[in-house]
Amino acid sequence: MMLKGIFGRLAVMVPVMAVMATYPALAQIADKEKVAAAISAIRVLDRPGRDNLATVWDGNKYVQCRRMSDQTLRCEAAGALMQVSLGRVLTPEHIHRLAAMGWTLDPSFGNYVQTFRPDISAEAIADTVLAALAQGYDADLPNLEIETKSIASQACPPRNGPSQNLAGIINDAPSMAATAVHACAYKPKEDEPAQKLGPDSTTADLIRLHGPMVTAEITRLRINIHRHVFAVFDTGLGYIQCQPQTEPNAFYCEAQSADSWPAIAAVLTPERIARLHSAGFADPGRAPNYSKTYPADKTSDTDLASEVLTLLHEVYGYYGASKLSVKTEEKS
């Protein structure tokens, strides 16, 4: 395969048996032991001053696990922030599957992460890794590749640069040094052209483009649920704003109405207002906008972000040609 040697050394093929669609069936994969063996190896091998890594991948779909100083394993599954081509793979349904298995978005590099305690067996971690690749990325399980290696310990190790093969993985190979990211977070350069969509874009296209950013804002609200924080997602033709509330913990969101801005009456046709109603939004009354409360324990950050973008698309006609402006208590 063309990705062999991307780490600067020969990768080992892992012939994993075909897997059934359901997650429990992964326990029956005959050669999952090879993935478990890689996990065990990076836990046991002692490399003073170095961090051990195990990476399992199919094309640019990967999960990489890193042994941390406290003996936990921090595993990252590929995201679309640095590997834009994965935007068409990481549909809302696939992201939902990852979330259901415990993977959460880390906005620093746009990958999905999960940390495993030292007492979690290598076999159980292998199951989770393979489940992520199968259900989150539709990876070709019979033709996975795997590698273990170690790199010099540092707080922010080098990563393959944006749009490179396996973008976002931790990798110190000289062959990737020219485009590597040496930072604790990735931010596209300001002079890079902004991604835009056309008038024929779909809700899935919008979620692919803005999903990681909106999800990160919702995560910020959850983390600061006892503080006065908010996020306004403004299209210029209408906005949805959300803030946390407690007792019980929830997200309170409002969708702009003609009561707060009369000019928007031309956008909010009866059919579009009916779409808000079908999503559970109440008419203006409590506030000058349509409103809905999402229980925090029943709503994932990814699901709420997807609903916000879906409503911006279907209710306010936002299709991504203009910038989605985000206002917060930090920058209003």
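The model shown is predicted, which means the values in this text are computed figures rather than measured ones.

## Re the sheet that holds strand β8 (residues 231-234)
As summarised here, the arrangement of the five strands in space is β11-β10-β9-β8-β12, forming an open sheet in which the pairing is antiparallel. Looking at strand neighbours, the two that pair on one side only are β11 (290-295) and β12 (325-328), the edges of this open sheet. The mean inter-strand angle of the sheet, taken between neighbouring strand axes irrespective of direction, is 20 degrees. Here β8 runs beside strand β9 (residues 239-245); their pairing, made up of four bridges, is antiparallel. If you follow Ala231 over to β9, its bridge partner there is Cys242. Those strands touched by helix α4 (residues 203-223) are β8, β9, β10 (250-255) and β12, and its axis lies near 160 degrees from that of β8.

## Observations regarding the nonpolar core
In this structure, Val63, Leu90, Leu98, Trp103, Tyr112, Leu133 and Tyr137 are the most contacted members of the largest nonpolar core, which totals 42 residues. Among the secondary structure elements, those contributing two or more residues to this core are α1 (32-44), β2 (50-58), β3 (61-67), β4 (73-77), α2 (92-100), β6 (111-116), α3 (122-137) and β7 (144-152). With near-sequence residues (within four places) excluded, Tyr112 lies in contact with Cys75, Glu76, Ala77, Ala78, Gly79, Leu90, Ile95, Leu98, Trp103, Thr104, Leu105 and Tyr137. If you look at the next biggest cluster of nonpolar residues, it comprises 34 residues, including Phe251, Leu268, Phe281 and Ala296.

Reading the values: the criteria
- Residues numbered from 1 in each chain as written.
- Predicted model: local features only at pLDDT ≥ 70, side-chain atom pairs only at ≥ 80, totals over all residues.
- Heavy atoms only, no water.
- Pairing = 2+ DSSP bridges.
- Helix = DSSP H or I, 4+ residues; strand = E, 2+ residues; numbered from the N terminus.
- Axes fitted to C-alpha atoms, helices over the stretch in contact; angles between N-to-C directions.
- Contact = heavy atoms within 4.5 Å.
- Core = buried A, V, L, I, M, F, W, Y, C linked by side-chain atoms within 4.5 Å.
- Buried < 20%, exposed > 50% of the residue type's maximum accessible area, 1.4 Å probe, protein only.

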